[in-house]
Amino acid sequence: MVTLLFYLSSGLFLGWSLGANDAANVFGTAVGSKMVRFRVAAAICSAALIIGAVVGGAGASHTLGKLGAISAMPGAFTVALSAALSVFFMTKTGLPVSTSQAIVGGIIGWNIYARLTTDPEVFRKIALTWVLCPVLSAVFSVLLYFLVKILVSRLNIHILRLDIYTRSALIIAGAFGSYSLGANNIANVMGVFIPSSPFEDLILSGGIVFSGVQQLFLLGGVSIAVGVISYSRKVMETVGTGIFPLSPITAVVVVMASSLVLFVFASQELHDAMVSAGLPAFPLVPVSSSQAVVGAVMGIGLVKGGRNLKYGSLGRIGIGWIATPLISAMICYLSLFFMENVFNAVVA
């Protein structure tokens, strides 16, 4: 058990890093616009993402498994640790980097060390979402912005009541986004441990099956929640105020747009329904909440003429997105060499 907890500790550290850097982004604009207090946002975000991780986390994990099925627990430990260290270093700088890119970089580093071929089609699908995620989020935010603008102008809501509605909308959208984040990004935290997972399925009262994968995802969800509560405020403020000044209403739009993006890349039911209808389906891939939020904020900024967009912040964020998978891959390769030659661990 001690050995198991040691190997899982890197995944838990990655979950904490994700919570500190990515998970709270669904509430970053709400906190940045002073409409929701940080403590309230962190509590709702934590509860909703744990539920999302356990209930809907299976879909996106299969895609990562196709990129690299790590059958040795020490290898999975090293990949998760490399991704966690990469995200942690970026978090210390206050940059909202992508945990999805960090874990992909770690898996590719493992593939290189194990002399395995990275499936180019799977990598292409994942890399495409790195572009599609912020673009789709920007499109959603533009559409929602005009829809909300029309509704507010036609309904002629009193300013005090509008304030109440706005706060409620931020909380509802944030809870929805947190659920989608847990369902989508838990694959980043615990996906590499699935092939070597020692947990067995449990039969609960009423015949409900609590699978070994869901047990892994519960542990990961709790670690993300701890990261949200303990260390997410700095990145919240970067996303909420550091790119473009948001009003409370535009903050609602940003949260809902980014939440929708996380949902469409996480929902197995939506994917199956689109396939059944003969429509092109969104790939079930873990995407970055940071990229989704940044894309949504950019959409709002462009609608308003782009004059107040802080291009310096956007440039720093872009550099972080490019550097993260490269740093993670290098750390992983070096760490695998260390694990194998110093501790004689079987990593592949």
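Coordinates for the structure precede this section.
Reference entry: report on the structure contained in this document.

How each quantity is defined
Residues numbered from 1 in each chain as written. Predicted model: local features only at pLDDT ≥ 70, side-chain atom pairs only at ≥ 80, totals over all residues. Heavy atoms only, no water. Helix = DSSP H or I, 4+ residues; strand = E, 2+ residues; numbered from the N terminus. Axes fitted to C-alpha atoms, helices over the stretch in contact; angles between N-to-C directions. Left-handed = near helix turned anticlockwise from the far one by under 90°. Contact = heavy atoms within 4.5 Å. Nonpolar A, V, L, I, M, F, W, Y, C, P; charged D, E, K, R; others polar. Core = buried A, V, L, I, M, F, W, Y, C linked by side-chain atoms within 4.5 Å. Buried < 20%, exposed > 50% of the residue type's maximum accessible area, 1.4 Å probe, protein only. Polar contact = N/O pair within 3.5 Å; in protein donor to acceptor, adjacent residues only side chain to side chain.

**A word on the environment of leucine 216**
Then step 1. Relative to the helices and strands, leucine 216 resides in helix H9 (residues 212-231).
Then step 2. For leucine 216 and glycine 11, which are 205 residues apart along the polypeptide, the C-alpha to C-alpha distance reads 9.7 Å.

**Thoughts on the packing of helix H4 (residues 58-67) against helix H8 (residues 159-190)**
Then step 1. Across the interface, H4 lies against H8 with an axial gap of 7 Å and an inter-helix angle of 35 degrees. The interaxial crossing formed by H4 with H8 has right-handed handedness. Of the residues in H8, those in contact with Ala60, Ser61 and Leu64 of H4 are Asn184, Ala187 and Asn188.
Then step 2. Per-class residue counts for the contact of H4 with H8 are 3 nonpolar, 3 polar and no charged.

**Some remarks on the nonpolar core**
It is characteristic of soluble globular proteins that their nonpolar side chains tend to be buried jointly.
Then step 1. One finds Val79, Ile103, Ile107, Ile126, Leu170, Val192 and Phe193 to be the most contacted residues of the largest nonpolar core, which totals 82 residues.
Then step 2. Filtering out sequence-adjacent residues up to four positions away, valine 79 remains in contact with Ile70, Ile103, Gly106, Ile107, Trp110, Val192 and Cys332.
Then step 3. If you look at the next biggest cluster of nonpolar residues, it comprises 5 residues, including Val294, Leu309, Leu314 and Ile317.

**Some details on the side chain of asparagine 185**
Then step 1. Within the secondary structure layout, asparagine 185 lies in helix H8.
Then step 2. Judged by its relative accessible area of 0%, asparagine 185 falls in the buried class.
Then step 3. Here asparagine 184 takes part through its side chain, which lies 2.8 Å from a polar atom of the side chain of asparagine 185.
Then step 4. Dropping the residues within four chain positions of it, asparagine 185 is found in contact with Leu18, Asp22, Ser100, Pro286 and Val287.

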